[in-house]
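Secondary and tertiary structure notes
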Amino acid sequence: MKKLILLAAVLAGSFCCLAQNIVKVYDNPYKDSIFYQLQTAVLIIDKQDVEDYFKGLDTILPQRKYAKDVFRNIQFAHLRPDEVQRHYGMASKFWAASKGSELRYSTDKLTLFWNDNETVLLPYIDEILPELMEGGRVQVVDRATGKRVQQFQVDYEDVGMKTYKIFRFVKGKTIWRESEVFVEQLSVVGL
């Protein structure tokens with residue numbers, strides 16, 4: 001019996017180790033960037049990655065008849081297809097007009113989903129952020145030190161039968177939680 005318990009503990013420990021990854025950040029010089037200030041970090045996102053995402057949405061959304069399930073972001077969960085189309089139209093127009101301008105976001109400021117300014121892009125940026133971060137395509141600056149980090153950690157949490165990513169500095173402080181964007185706003189939306 002003791003051997004069985006020991007085996008179970010070893011297997012559980014190995015699965016816990018698999019649930020963490022270290023991401024090494026690519027040191028790419030960005031020509032044009034988006035700055036996204038969080039409580040503990042500033043994320044620097046290459047505008048070309050957002051451009052590529054919007055080009056993909058130009059094809060996917062009409063094919064899927066502007067279905068809200070194209071997005072994981074909870075802000076889209078209550079929208080009808082015509083509202084998804086209208087919001088995407090607003091975001092596309094703003095994105096096209098902002099090519100040469102600097103974009104800065106902050107979680108310290110309230111952003112409204114239907115604003116006709118740069119905040120209209122935020123749900124789309126949040127949508128692609130986990131994949132960009134996991135791929136090492138986002139520069140991360142530690143707000144405490146003001147220095148760019150060379151690597152960070154990805155952990156996983158289970159919320160409501162789904163697994164979400166938590167991005168942390170190697171020393172453990174949370175950078176960004178996927179669940180904050182994709183789940184925890186359910187009470188606000190009223191679902």
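Everything below is about the structure shown above.
Only a predicted model underlies this, so the values are computations on that prediction, with no experimental measurement involved.

About the thresholds
Residues numbered from 1 in each chain as written. Predicted model: local features only at pLDDT ≥ 70, side-chain atom pairs only at ≥ 80, totals over all residues. Heavy atoms only, no water. Helix = DSSP H or I, 4+ residues; strand = E, 2+ residues; numbered from the N terminus. Buried < 20%, exposed > 50% of the residue type's maximum accessible area, 1.4 Å probe, protein only. Contact = heavy atoms within 4.5 Å. Areas by Shrake-Rupley, 256 points an atom, 1.4 Å probe, with all protein chains shown as cover. Expected span 1.5 Å × (residues − 1). Bend = angle between axes of the 7 residues up to and from the residue. Phe/Tyr/Trp six-rings, centres within 6.5 Å; stacked < 30°, edge-to-face > 60°. Axes fitted to C-alpha atoms, helices over the stretch in contact; angles between N-to-C directions. Parallel < 35°, antiparallel > 145°, perpendicular 65-115°, else oblique. Left-handed = near helix turned anticlockwise from the far one by under 90°. Nonpolar A, V, L, I, M, F, W, Y, C, P; charged D, E, K, R; others polar. Salt bridge = Lys/Arg side-chain N within 4 Å of Asp/Glu carboxyl O. Core = buried A, V, L, I, M, F, W, Y, C linked by side-chain atoms within 4.5 Å.

1. Quick word on the overall build of the protein chain
Of regular secondary structure, the protein chain possesses six helices and eight strands. In the protein chain, the succession of helices and strands from N to C terminus is α-β-β-β-α-α-β-α-β-β-β-β-α-α. The buried share of the protein chain, reckoned over its 191 residues, is 42%. Partitioning the intrachain contacts of the protein chain with sequence separation of at least 6 by distance along the chain shows that 62% fall at a separation of at least 24. Here the protein chain displays about 11300 Å² of accessible surface, and carbon together with sulfur accounts for 56% of that area.

2. A word on helix α4 (residues 122-134)
Here α4 spans 19 Å end to end across 13 residues, near enough to the 18 Å set by a 1.5 Å rise per residue. The principal kink in α4, of about 40 degrees, is found at Ile 128, preceding the proline Pro 130 by one to four residues. Burial of α4 is extensive: eleven of the 13 residues sit out of reach of the surface.

3. Re the packing of aromatic side chains
Summed over all chains, the structure comprises 13 aromatic pairs. Each ring, one from Phe 76 and one from Phe 113, has its centre 5.2 Å from the other, and the planes form 85 degrees; the classification is edge-to-face. One end of the pair, Phe 76, is in the loop between α2 (47-63) and α3 (81-97); the other, Phe 113, is in the loop between β4 (103-106) and α4, and 37 residues separate them in sequence. When its relative accessible area of 0% is taken as the criterion, Phe 76 is described as buried.

4. With respect to the packing of α2 against α4
The N-to-C vectors of α2 and α4 enclose an angle of 115 degrees; their axes lie 11 Å apart at closest approach. The angle between α2 and α4 places the two elements in the roughly perpendicular class. Here α2 runs over α4; the crossing is right-handed. Across the interface between the two elements, Asp 49, Val 50, Tyr 53, Phe 54 and Leu 57 from α2 touch Tyr 124, Ile 125, Glu 127, Ile 128 and Leu 132 from α4. Each residue belonging to the contact of α2 with α4 can be placed in one class, and the counts come to eight nonpolar, no polar and two charged.

5. Here's the deal with the pattern of salt bridges
What the rule picks out here adds up to 13 salt bridges. A salt bridge links Asp 82 to Arg 80; the shortest N-O distance between them is 3.2 Å. For Asp 82, a relative accessible area of 43% corresponds to the partly exposed category. Among the ionic pairs, Arg 80 bridges to Glu 83, the shortest N-O distance being 3.4 Å. Judged by relative accessible area, Glu 83 falls into the buried class, the value being 15%. Each of Arg 72, Glu 134, Lys 165 and Glu 178 takes part in a single network of salt bridges with overlapping partners.

6. Section: the nonpolar core
One finds Tyr 36 and Ile 175 to be the most contacted residues of the largest nonpolar core, which totals 47 residues. For this core, the leading source of residues is α4, giving seven residues.

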